[in-house]
Amino acid sequence: FDIAREKSISAISRAVSGGQKIFLVAQKNAVLEEPTPDDLFETGTVCRVKEYVTFPNGRVRIVVNGIYRAKIAEITGISPHFTAKIKKTVEKGKKYGTSLNFQADKRILLDLIGEYKSRLHGEDDLTAARLTMIEDPEIFSFEASNLIEINYMLKQQLLEETDLKKRIDLLT
């Protein structure tokens, strides 16, 4: 994604020079130019910066890979960018992920994604077929959410939901 805000560019630059990891959270109101800590969601994703490109106009484009979900435990700084202590979120519903109910819900979700992609693109997308190969229910739920267009508030709700069954229910 592209980044233009100085605080965000500063945070990305620090991550790139210090091990490539960064904790990303969304703003509650995306149009705010100078968000405060209260304007940020508490749950986000620890990511590894895979690519970092600076354009002549000062904008930065990054490609990241999500590693795990976490919550802000404490904001520790606001300048030159936000810094925070974070706590990794704990997944609930591991037994559901190995159950026949999960397999049934997975099939329903795969069918819905196939129909969605077919209507949108006129054919079934190979990326949806790739989902059938994913055995880890947590990874499956997040990969599935990336294949359908949903608003950022629902994406945030999915990110915050630690109960796997409830997360799959949100998608179906």
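Computed from a predicted structure; not experimentally measured.

What counts, and where the lines are drawn
- Residues numbered from 1 in each chain as written.
- Predicted model: local features only at pLDDT ≥ 70, side-chain atom pairs only at ≥ 80, totals over all residues.
- Heavy atoms only, no water.
- Helix = DSSP H or I, 4+ residues; strand = E, 2+ residues; numbered from the N terminus.
- Buried < 20%, exposed > 50% of the residue type's maximum accessible area, 1.4 Å probe, protein only.
- Lys, Arg positive; Asp, Glu negative; His and termini not counted.
- Salt bridge = Lys/Arg side-chain N within 4 Å of Asp/Glu carboxyl O.
- Contact = heavy atoms within 4.5 Å.
- Expected span 1.5 Å × (residues − 1).
- Arc of directions from axis to C-beta.
- Axes fitted to C-alpha atoms, helices over the stretch in contact; angles between N-to-C directions.
- Parallel < 35°, antiparallel > 145°, perpendicular 65-115°, else oblique.
- Left-handed = near helix turned anticlockwise from the far one by under 90°.
- Nonpolar A, V, L, I, M, F, W, Y, C, P; charged D, E, K, R; others polar.
- Pairing = 2+ DSSP bridges.
- Phe/Tyr/Trp six-rings, centres within 6.5 Å; stacked < 30°, edge-to-face > 60°.
- Lys NZ or Arg CZ within 6 Å of the ring centre and 35° of its normal.

(A) Up close: the side chain of Asp-163. As for its position among the elements, Asp-163 is in the loop between helix 6 (152-160) and helix 7 (164-171). Buried charge without a partner: Asp-163 forms no salt bridge, and the closest opposite charge is Lys-166, 5.2 Å away. Setting aside residues up to four positions removed in sequence, Asp-163 forms contacts with Glu-91 and Lys-92.

(B) Structural view of the pattern of salt bridges. One pass over the structure, following the stated rule, counts eight salt bridges. Lys-165 serves as the salt-bridge partner of Asp-105, at 2.9 Å between the closest nitrogen and oxygen. Linking Asp-105 in helix 3 (residues 100-121) with Lys-165 in helix 7, this pair joins segments that are 60 residues apart in sequence. Since its relative accessible area comes to 14%, Asp-105 is described here as buried. By sharing partners, the salt bridges in this structure join Arg-69, Glu-91, Glu-138 and Arg-167 into a single network.

(C) Representation of helix 1 (residues 6-17) within the structure. For helix 1, which comprises twelve residues, the first-to-last C-alpha distance of 16 Å matches the rise-based estimate of 16 Å (1.5 Å per residue) to within 8%. For helix 1, the set of buried residues is Ile-9, Ala-11, Ile-12 and Ala-15. Down the axis of helix 1, the sector holding all buried residues measures 160 degrees, keeping them to one side. Away from the buried face of helix 1 by more than 90 degrees, exposed residues Glu-6, Arg-14 and Ser-17 are located. Residues of helix 1 that are buried in the fold lie against strand 1 (2-3), strand 2 (21-24), strand 3 (43-54) and strand 4 (60-77).

(D) Expanded view of the packing of helix 6 against helix 7. For the pair helix 6 and helix 7, interaxial distance at closest approach is 9 Å and the crossing angle is 160 degrees. Taken together, the axes of helix 6 and helix 7 lie roughly antiparallel to each other. Here the hand of the crossing between helix 6 and helix 7 comes out left-handed. Residues Leu-154, Gln-157 and Leu-158 of helix 6 form the contact with helix 7, whose participating residues are Arg-167, Leu-170 and Leu-171. Along the lines of polarity and charge, the residues of the contact of helix 6 with helix 7 split into four nonpolar, one polar and one charged.

(E) Representation of the pairing of strand 5 (residues 83-88) within the structure. Counting buried residues in strand 5 gives zero out of six residues, a small share hidden from the surface. One ladder, built from six bridges, connects strand 4 with strand 5; its direction is antiparallel. Pairing of Ile-72 across the sheet is with Ile-86, part of strand 5.

(F) The arrangement of the packing of aromatic side chains in detail. All chains considered together, the criterion is met by one aromatic pair. Between Phe-102 and Phe-140 the ring centres are 5.9 Å apart and the planes differ by 90 degrees, which places this aromatic pair in the edge-to-face class. Here Phe-102 is found in helix 3, whereas its partner Phe-140 is found in helix 5 (residues 137-147), with 38 residues between them in sequence. Each member of the pair Phe-102 and Phe-140 is classed as buried. Just above the ring of Tyr-68 sits the side chain of Lys-88; from NZ or CZ to the centre is 5.0 Å. Above the face of the Phe-140 ring, Lys-106 is positioned so that its terminal group lies 5.3 Å from the ring centre.

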